[in-house]
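# Fold and geometry: a report
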Amino acid sequence: SKLIDKNIHGVTGLAYACHYWPSHMAKVDYTKDITCLHQQLLTFSQSTAVLFWIEAMNLLGEKMNCYEGINAIIACLTKASVGTLLIVGKKYITD
């Protein structure tokens, strides 16, 4: 639709960022002292911003990649804590 083209595809790099950020985060070595990055990821996962990401992925037709991205982020966060909104989001994707 025109709204998707304007608000997602029309923003340079947004579709790429939505699709690939979880896989980039999954490659981070969380055994090193990167507390700030881990905290930002945790904050994001517990905010409503994660719902906008899920919505954007849905509008892009990337439901399965969103599901895999959520799994990747949960795996990253499991070492310290789990992003509760991601678990909720995962439930809605699979229903």
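Use the structure listed above.
First, a word on scope: everything that follows refers to the structure included in this document. (Residues numbered from 1 in each chain as written. Predicted model: local features only at pLDDT ≥ 70, side-chain atom pairs only at ≥ 80, totals over all residues. Heavy atoms only, no water.)

When its secondary structure is counted, the chain shows six helices and zero strands. Ordered by position in the sequence, the α and β elements of the chain form the string α-α-α-α-α-α. Within the chain, the fraction of its 95 residues that count as buried is 29%. Nonlocal contacts in the chain, meaning residues at least 24 apart in sequence, comprise 60% of its contacts between residues at least 6 apart. Carbon and sulfur atoms form 62% of the exposed surface of the chain, whose accessible area is close to 6000 Å². (Helix = DSSP H or I, 4+ residues; strand = E, 2+ residues; numbered from the N terminus. Buried < 20%, exposed > 50% of the residue type's maximum accessible area, 1.4 Å probe, protein only. Contact = heavy atoms within 4.5 Å. Areas by Shrake-Rupley, 256 points an atom, 1.4 Å probe, with all protein chains shown as cover.)

Here is a general trend for soluble globular proteins: nonpolar side chains tend to be buried in one another's company. Membership of the largest hydrophobic core comes to 20 residues, with the highest contact counts inside it found for Leu41, Trp53, Cys66 and Ile70. Put simply, the parts of the chain that give this core at least two residues each are α1 (2–9), α2 (14–26), α3 (35–45), α4 (49–59) and α5 (63–78). Here the element with the most residues in this core is α5; it accounts for six residues. (Core = buried A, V, L, I, M, F, W, Y, C linked by side-chain atoms within 4.5 Å.)

Turning next to the packing of aromatic side chains. Tallied over the entire structure, the rule returns three aromatic pairs. Between Trp21 and Phe44, the aromatic rings sit 5.2 Å apart at their centres with planes inclined by 85 degrees, giving edge-to-face as the arrangement. Residue Trp21 is found in helix α2, and its partner Phe44 is found in helix α3; the two are separated by 23 residues along the sequence. Site record: aromatic cluster; members linked through ring pairs are Trp21, Phe44 and Trp53. (Phe/Tyr/Trp six-rings, centres within 6.5 Å; stacked < 30°, edge-to-face > 60°.)

With that settled, the discussion passes to the packing of α2 against α4. It is the contact of α2 with α4, at a shortest axis distance of 9 Å, that shows an interaxial angle of 120 degrees. When the interaxial angle is binned, α2 and α4 end up oblique. Crossing angle aside, the handedness with which α2 passes α4 is left-handed. For the pair α2 and α4, contact is made by Cys18, His19, Trp21 and Pro22 and by Trp53, Ala56 and Met57, respectively. Residues that form the contact of α2 with α4 fall into these classes: six nonpolar, one polar and no charged. (Axes fitted to C-alpha atoms, helices over the stretch in contact; angles between N-to-C directions. Parallel < 35°, antiparallel > 145°, perpendicular 65-115°, else oblique. Left-handed = near helix turned anticlockwise from the far one by under 90°. Nonpolar A, V, L, I, M, F, W, Y, C, P; charged D, E, K, R; others polar.)

What follows deals with α2. For α2, built from 13 residues, the straight-helix expectation of 18 Å at 1.5 Å per residue is met to within 8% by its first-to-last C-alpha distance of 19 Å. At Tyr20, α2 shows its largest bend, some 45 degrees, and a proline, Pro22, comes one to four positions later. For α2, the full list of buried residues reads Cys18, Trp21, Pro22 and Met25. (Expected span 1.5 Å × (residues − 1). Bend = angle between axes of the 7 residues up to and from the residue.)

Here Leu3 is to be found in helix α1. The exposure class of Leu3 is exposed, given its relative accessible area of 60%. Between the C-alpha atom of Leu3 and that of Leu59, which follows or precedes it by 56 residues, the distance is 9.9 Å.

Structural measurements only, silent on function.
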